[in-house]
Amino acid sequence: MKFFVDTADVSEIRAMAQTGLLDGVTTNPSLIAKSGRKMAEVIAEICALTNGPVSAEVTATDFDTMLAEGRYLRAIAQNVCVKVPLTEAGLRTCRALADEGTKVNVTLCFSAVQALLAAKAGAAFISPFVGRLDDIGQDGMQLIADVVQIYRNYAFSTEVLVASVRHPVHVLTAAKLGAHVATMPPATIRALFKHPLTDRGLEAFLADWQKTGQSIL
Ligand code: G3P
């Protein structure tokens, strides 16, 4: 399972890359706004920190401008993956960019039939938003189960990129379902490392070690 970090904060991305566990980065217009930086500049900087795909989202809503924005973003670095919303114009843009050899991440997916359309449009990634579905009382992880099953039924190469991930249980369920990728805020990635028994066990080992008066080096 691949781990992407969902942020436009370059220092956070650098820290995540240093763990050796980072496979890519996703951003969206809200995250770019939060960074307070120019989009092209921040995307270029992020692309230099990872060899994996870096999703950069278009902000137009009509086909011609989306396509132009997608081509512009694609030219920033070889690992840019253009993100488009799951609308009719977005999927038309997805097909056009995919036909040019550009990787496309189709975002704002909230139903399995939307995911089916994205695969047919040649998306490299589909981003179903699990947390936002949970927020309105629907089962976000059931959507992942449905999309994984549909993509397997037809051997689509589109990867299921679980987005709007809020906690480690989302990651656990996504992994059990065989989703290809989870994109997470840095705090959620850090939460995956944590277990109280790990902390308590380490504390006891180190206390016992200190009593020996030894040092390894
Ligand atoms: O990048 C898209 C997605 O991961 C956003 O998550 O927490 O704003 O619903 P959230």
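One can find the structure itself at the top, above this paragraph.
Treat the numbers as computed from the prediction; the structure is a model and nothing was measured. (Residues numbered from 1 in each chain as written. Predicted model: local features only at pLDDT ≥ 70, side-chain atom pairs only at ≥ 80, totals over all residues. Heavy atoms only, no water.)

Draft legend 1. View of the pattern of salt bridges. Applying the stated rule across the entire model yields 10 salt bridges. Arg 37 serves as the salt-bridge partner of Glu 41, at 3.1 Å between the closest nitrogen and oxygen. Overall, Glu 41 belongs to the partly exposed group, its relative accessible area being 45%. With a closest N to O distance of 2.6 Å, Glu 45 and Arg 37 form a salt bridge. It is possible to trace a salt-bridge network through shared partners that takes in Arg 37, Glu 41 and Glu 45. (Salt bridge = Lys/Arg side-chain N within 4 Å of Asp/Glu carboxyl O. Buried < 20%, exposed > 50% of the residue type's maximum accessible area, 1.4 Å probe, protein only.)

Draft legend 2. Up close: the site of the ligand. Within the structure, the ligand sits among Asp 6, Asn 28, Lys 83, Phe 129, Arg 132, Ala 163, Ser 164 and Arg 166. Between the ligand and Asn 28, the relevant distance is 3.1 Å, taken from an oxygen atom to a side-chain nitrogen or oxygen of the residue. A distance of 2.6 Å separates an oxygen atom of the ligand from a polar atom in the side chain of Arg 132. If the ligand stood free it would expose 310 Å²; the protein chains cover 82% of that surface. Here the residues of the shell around the ligand sort into 2 nonpolar, 2 polar and 4 charged. (Near = heavy atom within 4 Å. Polar contact = N/O pair within 3.5 Å; in protein donor to acceptor, adjacent residues only side chain to side chain. Areas by Shrake-Rupley, 256 points an atom, 1.4 Å probe, with all protein chains shown as cover. Nonpolar A, V, L, I, M, F, W, Y, C, P; charged D, E, K, R; others polar.)

Draft legend 3. Expanded view of a nonpolar patch on the surface. On the surface, Leu 202, Phe 205 and Leu 206 cluster together into a nonpolar patch covering about 350 Å² of accessible area. Within the fold, Leu 206 resides in helix H11 (residues 196–212). (Patch = residues over 30% accessible without salt bridge, like charges linked within 9 Å, V, L, I, M, F, W, Y side chains within 5 Å. Helix = DSSP H or I, 4+ residues; strand = E, 2+ residues; numbered from the N terminus.)

Draft legend 4. Seen up close, helix H8 (residues 140–153). The first and last C-alpha atoms of H8 sit 20 Å apart over 14 residues, in line with the 20 Å expected at 1.5 Å per residue. Along H8, the residues classified as buried are Gly 140, Met 141, Leu 143, Ile 144, Ala 145, Val 147, Val 148 and Tyr 151. Buried residues along H8 sit against strand E5 (104–109), helix H6 (112–120), strand E6 (125–128), helix H7 (130–135), strand E7 (159–162) and helix H9 (168–177). The positive-phi residue at the C-terminal boundary of H8 is Ala 155, with phi of around 50°. (Expected span 1.5 Å × (residues − 1). Contact = heavy atoms within 4.5 Å.)

Draft legend 5. A look at the pairing of strand E4 (residues 80–85). The buried count for E4 comes to 6 of 6 residues, which makes it a mostly enclosed element. Sheet analysis places strand E3 (residues 54–57) next to E4, joined by 4 bridges and oriented parallel. Each bridged residue has a counterpart across the sheet, and for Ser 55 the counterpart in E4 is Cys 81. Tracing the backbone out of E4, into helix H5 (residues 88–99) and back to the parallel element E5 gives a crossover that is right-handed. (Pairing = 2+ DSSP bridges. Right-handed = clockwise from strand over helix to strand, strands pointing away.)

By themselves these figures say nothing about function.
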